[in-house]
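# Geometric and topological summary
Letter by letter, the chains look like this.
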Amino acid sequence: MTAQDSATRPAAIAAKLTATASETTETTGKPGTTGTTGKPGKPGGLGKAGTTGTVLAALGVFAFSFSFPATSWALTGFGPWSATGLRGLLAGLLAALCLAAARVPLPARRHWPGLLVVAAGCVLGFPLLTTLALRTSSTAHSAVVIGILPLATATVGAIRTGGRPSRLFWAAALAGAAAVLGFTLVQSHGRPSLADLYLFAALLVCAAGYAEGGRISRELPGWQVIGWAVVASLPVTALTTALALAVEPVSLDGGTAAKALTGLLYTAAVSQFGGFVVWYRGMAAIGVPRASQLQLAQPLLTLVWSVLLLGEELPAAAPVTAVLVLLCIAATQRARA
């Protein structure tokens, strides 16, 4: 061995170790670790972590697809303001118990602005606006209007996080939104109703909450993000519940009691808390734009539940819309988000 060999070999080893550490940091966002850490980094869309994230986001969509039928059931026994207030109040109490049991510390100060956006959009705004819409609109129609939510979420997410989805991604997202918007206009004879205006406002505030929650979930576990959001909303939901129950009649007599209570408990435990746990974790793993496009399947699932659980008539254009939406989902998942 020469002196030159002795000096060169350690340098080569050091360079190799540096390159390995650099690759690990790019993958996980944390030097010296592997796998999904939940820390800021490059969202995964490929490999095992990406597959897991897609499955979790899909489970969230499946859970949310029952939200409108469950809300309709809740409205058989409660008024819209009472149902919204009780939904948030019960979810907040459940989240507070979970956070206390796990001894989760308060989020850092930098997280609270985003958590308040989640609270305003996903805990207060979206539930109230959609509940008001469901008083006069069918579950099937409302579900299709909210089908534009993935595009809104992807847009807000891209702006908020500085992401640049590909042209194919945006083309497929716009096509999916156009399909559900066309379906909506056909069903409402070209004139959006008051319920449609409630729904459009709901999807805008919800998109902001989804995008902000997905961003924060790269630093905090998803269940803590929605947990702190519903806990932060407790003063508002508690006051809303107290005032609403004083003026809105509650009807839990006969056969409506079981449906109303089941719907209320589902919206509180799953729609307002449990579904967000897997949804935000999935978005953190695969990125907000790609995860949001899985929601294109949500109105289709809700259409099925509206027929099976509520006995509503399936619109004739639903199968065509279903095919178009599924094609858009396939295209967005293949595009680099």
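The structure we're discussing is the one just above.
All values reported here derive from a predicted model rather than from experimental measurement. Throughout this description, residue numbers start from 1 for each chain and increase along the sequence as written. For a predicted model such as this one, the threshold for reporting local features is a pLDDT of at least 70, and the threshold for listing and counting side-chain atom pairs is 80 or more; totals across whole chains, interfaces and linings nevertheless cover every residue. The basis for every side-chain value is the complete set of heavy atoms in the structure, and neither hydrogens nor water enter the calculation.

## Brief notes about the packing of helix α4 (residues 80-101) against helix α5 (residues 112-133)
Only C-alpha atoms enter the line fits that serve as axes; for helices the fit covers just the stretch in contact. Angles between N-to-C directions range over 0 to 180 degrees. Strands here mean DSSP runs of E at least two residues long; helices mean DSSP runs of H or I at least four residues long; both are numbered from the N terminus. Contact geometry of α4 with α5 gives a least axis separation of 9 Å together with a crossing angle of 150°. Comparing the axis directions of α4 and α5 gives the class roughly antiparallel. As for the relative orientation of α4 and α5, their crossing is right-handed in sense. On α5, the residues that touch Pro80, Trp81, Thr84 and Arg87 of α4 are Leu124, Pro127, Leu128, Thr131 and Leu132. Residue classes follow a fixed rule: Ala, Val, Leu, Ile, Met, Phe, Trp, Tyr, Cys and Pro count as nonpolar, while Asp, Glu, Lys and Arg count as charged, and any other residue, Gly among them, counts as polar. A class-by-class count of the residues in the contact of α4 with α5 yields six nonpolar, two polar and one charged. Any angle between 65 and 115 degrees counts as roughly perpendicular, while under 35 counts as roughly parallel, over 145 as roughly antiparallel, and the rest as oblique. In a left-handed crossing the near helix is turned counterclockwise from the far helix by less than a right angle, and in a right-handed crossing that turn is clockwise. By definition in these notes, contact holds between two residues if any of their heavy atoms fall within 4.5 Å.

## A short note on the nonpolar core
Counting residues in each nonpolar core, the largest one holds 65 residues, and the members touching the most others are Tyr210, Ile226, Phe276, Trp279 and Tyr280. It is helix α9 (residues 194-216) that contributes the most residues to this core, nine residues altogether. In this structure, tyrosine 210 is in contact with Phe64, Cys122, Leu149, Thr153, Phe276, Trp279, Tyr280, Met283 and Gln295, ignoring residues within four places of it in sequence. What makes a nonpolar core is a set of buried Ala, Val, Leu, Ile, Met, Phe, Trp, Tyr and Cys residues whose side-chain atoms join them at distances within 4.5 Å. Buried residues are those whose accessible area, probed at 1.4 Å on protein chains only, stays under 20% of the maximum for their type, while exposed residues exceed 50% and partly exposed ones sit between those limits.

## Here's the deal with the packing of aromatic side chains
Pairs were defined over the aromatic rings of Phe, Tyr and Trp, the Trp ring being its six-membered one, requiring ring centres within 6.5 Å. Orientation was assigned from the angle between planes: stacked under 30 degrees, edge-to-face over 60, tilted for the rest. A full pass over the atoms with the stated rule returns 12 aromatic pairs. Seen in terms of ring centroids, phenylalanine 62 and phenylalanine 66 are 5.4 Å apart; in terms of plane orientation they differ by 85°. Their pairing is edge-to-face. For phenylalanine 62, a relative accessible area of 40% translates into the label partly exposed. The partly exposed category is assigned to phenylalanine 66, whose relative accessible area is 22%.

## A few points about the side chain of histidine 141
As for its position among the elements, histidine 141 is in helix α6 (residues 139-145). Throughout this description, a polar contact denotes any pair of N or O atoms lying within 3.5 Å of each other; where both atoms belong to protein, one of them has to be capable of donating a hydrogen while the other can accept it, and for residues adjacent in sequence the pair is counted only when both atoms sit in side chains. A distance of 2.7 Å separates polar atoms of two side chains, one belonging to histidine 141 and the other to aspartate 196. Ignoring anything within four residues of it in the chain, the contact list for histidine 141 reads Thr184, Gln187, Ser188 and Asp196.

## Overview of the packing of α5 against helix α12 (residues 256-286)
Between α5 and α12, the least distance of the axes is 13 Å, while the angle of their chain directions is 135°. Between α5 and α12, the crossing angle belongs to the class labelled oblique. Pair α5 / α12 crosses with right-handed handedness. Residue-level inspection shows Val118, Cys122, Val123 and Pro127 of α5 in contact with α12, the latter providing Gln272, Phe276 and Tyr280. Its residues assigned to classes, the contact of α5 with α12 comprises six nonpolar, one polar and no charged.

## Quick word on empty space enclosed by the protein
Of the grid points, spaced at 1 Å and generated over the protein atoms alone, those admitting a 1.4 Å probe that cannot get out make up cavities, while open sets with protein on both sides within 12 Å along at least five of seven lines make up pockets; any residue with an atom within 4 Å of a point is treated as lining. Grid points are joined across faces, edges and corners, and a volume is the space filled by probe spheres set on the points. Evaluated as defined, the whole model comprises two cavities of 30 Å³ or more. By volume, the largest cavity amounts to about 190 Å³. The wall of the largest cavity is formed by 18 residues, among which Phe64, Ser67, Phe68, Phe126 and Gln298 lie closest to the centre. When contributions to the lining of the largest cavity are tallied by element, the ones reaching two or more residues are α3 (67-74), α5, α9, α12 and α14 (298-310). Here the lining of the largest cavity gets three residues from one element, more than from any other, and that element is α14. Among the residues forming the lining of the largest cavity, the class breakdown is 11 nonpolar, six polar and one charged. By volume, the second largest cavity is sized at about 50 Å³. Lining the second largest cavity we find Thr71, Ala74, Ala83, Thr84, Arg87, Pro127, Thr131, Leu264 and Thr267. Of all elements in the fold, only α3, α4, α5 and α12 reach the threshold of two or more residues within the lining of the second largest cavity. It is α4 that provides the largest number of residues to the lining of the second largest cavity, a total of three residues. Among the residues forming the lining of the second largest cavity, the class breakdown is four nonpolar, four polar and one charged.

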